[in-house]
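# Per-entry structural report
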Amino acid sequence: MHKFRNVKLVLEDGTIFEGKSFGKEKSIAGEVVFYTAMVGYTESLSDPSYKGQILVPTYPMVGNYGIPSADQTEGVEDFYESDRIHASGLVVADYTDDFSHWNAEKSLSDWLIENDVPGITGIDTRALTKILREKGSMKGKIEFDDQPIDFVDPNQDNLAALVSTDDVVTYGSGKHKVVLVDCGVKYNIIRCLLKRDTTVIRVPWNYNFNEIDCDGIFLSNGPGDPVQCEETVNHIKEALKGAKPIMGICLGNQLLGRAAGADTYKLKYGHRSHNQPVLLKGTQRCFITSQNHGYAINQETLPSEWEELFVNVNDGTNEGVRHKTKPFFSTQFHPEASSGPVDTEYLFDEFIENIEKSKAQ
Ligand SMILES: NC(=O)CC[C@H](N)C(=O)O
């Protein structure tokens, strides 16, 4: 029985939380980040953007709806955001093995163990989150006494390269051909594109996608610091010389911003939740969005032919950019949601409209 052995969460500032293990009995180190969504542990743990991070859901009870089936449609799992867990570890207040849900097939504990990922329960996640909010996201480790390890900063690595596809993969057979630059794509982006009559050609993060004859370019979400993806940025710079429609999400927003000439920077503790309010610039329209990011575009550095598209109402940070004359836009939040509110899924329709207009020219 692997469960409920003593284990510690150790923060870079010296704080130690004692808890019980309910995942793999393996010490790991990473960046500790909190998220305040009440549901969505399956989607978050399988979101490649969490690579290298130790996740702390602030919602106290975790595990009660189990882990879903691996049913697939067109080669994409219906209920996961990738084919494995990408987060390094999970920290919860109150884990329960006693799950109940129409689609549950196994416990969260079993899924963590299968994926070699440790979990720690019995932690005062409210106290932990207060520390992360005061001091910012920080390095931490889930450590078993007999397996000491050092702290690591995952953002020093090119994490997108670690989670991107190795091969070019094609999904669907719709009329619009979209190149999907995979820096760590969430499956719901592929699902949202396939629902809109597309053929999706998923390519590695550093692939020269400009060589592909396509109708539009999609820049995915992904983990880590956008400065690590200089190769992708150079390919985007090339694409910006043309006029093929581009849409980006999250890391895709940051990479589009950098390709345009703007800078990016690290936020103190990031935005990870289902209730982030964003204002559509030039209107009074506010959307509630799903978010997961630690970096942002510095909107002051956007060149004059670009403008801010959305802004975060909580802290004024950038939530999207667009070109003033060409069909290029991106969002820092997640219009594909999964998990979270779907109010901004219409942005995929705008991307497809841009493709239709550009094909009609
Ligand atoms: N979800 C994402 O694409 C995250 C983008 C980037 N890694 C950040 O943390 O800001």
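All residue numbers refer to positions counted from 1 along the written sequence of the respective chain. A pLDDT threshold of at least 70 governs which residues receive local features in this predicted model, and a stricter bar of 80 or more applies before side-chain atom pairs are shown or counted, although totals over entire chains, interfaces and linings include all residues. Remark: hydrogens and water are excluded; side-chain values derive from all non-hydrogen atoms of the structure.

The name given to the protein in an unreviewed UniProt entry is Glutamine-hydrolyzing carbamoyl-phosphate synthase small subunit, and the organism recorded there is Halosquirtibacter laminarini.

## Overview of the packing of aromatic side chains
Stacked, tilted and edge-to-face are the three classes applied to pairs of Phe, Tyr and Trp rings, where Trp contributes its six-membered ring and a pair requires centres within 6.5 Å; stacked means planes under 30 degrees apart, edge-to-face means over 60, and tilted covers the rest. Considering all chains together, one arrives at 12 aromatic pairs under this definition. With a centroid separation of 6.3 Å and 40° between ring planes, the pair formed by Y35 and Y50 is classed as tilted. Separated by 15 residues along the polypeptide, Y35 in strand 3 (residues 28-35) and Y50 in the loop between helix 1 (41-45) and strand 4 (53-57) bring together distant segments of the chain. Residue burial is assigned from relative accessible area. The probe radius is 1.4 Å, only protein chains are included, and a residue is buried under 20% of its type maximum, exposed over 50%, and partly exposed in between. By relative accessible area, Y50 is classed as buried at 2%. Taken together, F287, F310, F333 and Y346 form an aromatic cluster joined through their ring pairs. Above the ring of F151, the side-chain terminus of K141 is found at 4.4 Å from the ring centroid. The rule for a charge over a ring is simple: NZ of Lys or CZ of Arg within 6 Å of the ring centre, and within 35 degrees of the ring normal. Between the NZ or CZ atom of K266 and the centre of the ring of Y295, over which it lies, the distance is 5.4 Å. The numbering of helices and of strands both runs from the N terminus, where a helix is a DSSP run of H or I of at least 4 residues and a strand a run of E of at least 2.

## Quick word on the sheet that holds strand 18 (residues 246-249)
Any two strands with at least two DSSP bridges between them are considered paired. On the basis of which strands lie adjacent, the open sheet formed by 10 strands has the order 14-16-15-17-18-23-22-21-19-20 and mixed pairing. In this open sheet, the two edge strands, each paired with only one partner strand, are strand 14 (169-171) and strand 20 (286-297). In this sheet, adjacent strand axes meet at a mean angle of 25° when their direction is disregarded. Sheet analysis places strand 17 (residues 216-219) next to strand 18, joined by 3 bridges and oriented parallel. When the bridges of strand 18 are listed, F218 appears paired with M247. Across the sheet, helix 5 (residues 187-194) is in contact with strand 14, strand 15 (176-182), strand 16 (198-204), strand 17 and strand 18; its angle to strand 16 comes to roughly 150°. A fitted line through C-alpha atoms serves as each axis, taken over the contacting stretch for helices, and the angle formed by two N-to-C directions is quoted from 0 to 180°. By definition in these notes, contact holds between two residues if any of their heavy atoms fall within 4.5 Å.

## What about the environment of Q291?
Along the chain, the position of Q291 falls in strand 20. Along the chain, Q291 and F218 lie 73 residues apart, while their C-alpha atoms are 18 Å from each other. The residues contacting Q291, other than those within four sequence positions of it, are H271, R272, S273, Q276, V278, N312, E319, F333 and H334. We call two N or O atoms a polar contact when they sit within 3.5 Å, provided that within protein one can donate a hydrogen and the other can accept it, with sequence-adjacent residues counted only if both atoms are side-chain atoms. Polar contacts involving the side chain of Q291 include one to the side chain of H271, which spans 3.0 Å. Engagement of the side chain of Q291 in a polar contact is seen with the side chain of E319, the distance being 3.0 Å.

## Structural notes on the site of the ligand
Whether a residue is near a molecule or strand depends on its heavy atoms: if one lies within 4 Å, it is near. In the vicinity of the ligand, 13 residues are found, and the nearest of them are G222, G224, C250, G294 and Y295. One nitrogen or oxygen atom from the main chain of N292 is found 2.8 Å from a nitrogen atom belonging to the ligand. Considering every element that reaches the shell around the ligand, the biggest residue donor is strand 20, with 4 residues. Gly counts as polar in this scheme, as do all residues outside two lists: the nonpolar Ala, Val, Leu, Ile, Met, Phe, Trp, Tyr, Cys and Pro, and the charged Asp, Glu, Lys and Arg. Class assignment for the residues of the shell around the ligand results in 4 nonpolar, 9 polar and no charged.

## Overview of the sheet that holds strand 1 (residues 6-11)
Reading around the barrel, the 7 strands line up as 1-2-12-9-4-3-13 and close back on themselves, with mixed pairing between neighbours. In this sheet, adjacent strand axes meet at a mean angle of 35° when their direction is disregarded. The strands touched by helix 3 (residues 125-135) are strand 1, strand 2 (16-21), strand 3, strand 4, strand 9 (89-91) and strand 13 (138-143); relative to strand 3, the strand with the most contacts, the crossing angle is about 90°.

## A look at helix 7 (residues 251-260)
Most of helix 7 is tucked away: 10 of the 10 residues are buried. Of all the residues in helix 7, the buried ones are L251, G252, N253, Q254, L255, L256, G257, R258, A259 and A260. Taken from the residues just after helix 7, G261 is the one with a positive phi, measuring 120°.

## Structural notes on the environment of I16
Here I16 shows up in strand 2. Not counting residues up to four positions away in its chain, the partners in contact with I16 are K8, L9 and V10.

## Details of a positive patch on the surface
Together, R126, K130, R133 and K268 give the surface a local cluster of positive charge. Sort the elements by how many residues they give to the positive patch and helix 3 lands first, with 3 residues. With respect to the secondary-structure elements, R126 resides in helix 3. Under the relative-accessibility criterion, R126 is labelled exposed at 67%. A patch consists of residues whose relative accessible area exceeds 30% and which take part in no salt bridge; residues with like charges are grouped when within 9 Å of each other, and nonpolar side chains (Val, Leu, Ile, Met, Phe, Trp, Tyr) when within 5 Å. All accessibility values rest on the Shrake-Rupley procedure with a 1.4 Å probe; residue burial counts only the protein chains present in the view. A pairing counts as a salt bridge when a side-chain nitrogen of Lys or Arg comes within 4 Å of a carboxyl oxygen of Asp or Glu. Two residue types count as positive, namely Lys and Arg, and two as negative, namely Asp and Glu; His and chain ends fall outside the count. In plain terms, the charge of a residue is placed at NZ if it is Lys, CZ if Arg, CG if Asp and CD if Glu.

## Section: the packing of helix 6 (residues 230-240) against helix 7
In helix packing, the relevant descriptors are the interaxial angle and the interaxial distance, both defined with respect to the helix axes. Two elements in contact, helix 6 and helix 7, have axes separated by 8 Å at closest approach and are oriented at 65°. Remark: the crossing between helix 6 and helix 7 carries right-handed chirality. Seen from helix 6, the contacting residues are E230, T232, V233, I236, K237 and L240; seen from helix 7, they are L255, L256, R258, A259 and A260. Its residues assigned to classes, the contact of helix 6 with helix 7 comprises 7 nonpolar, 1 polar and 3 charged. Take the far helix as the reference: if the near one is turned anticlockwise from it by less than a right angle, the crossing is left-handed, and if turned clockwise, right-handed.

## Quick look at the side chain of N103
Turning to its location among the elements, N103 is positioned in the loop between strand 10 (94-95) and strand 11 (104-106). The buried category is assigned to N103, whose relative accessible area is 8%. A polar side-chain atom of N103 sits 3.3 Å from a polar atom in the side chain of S69. Beyond its immediate stretch of four places on either side in the chain, N103 contacts I67, P68, S69 and F79.

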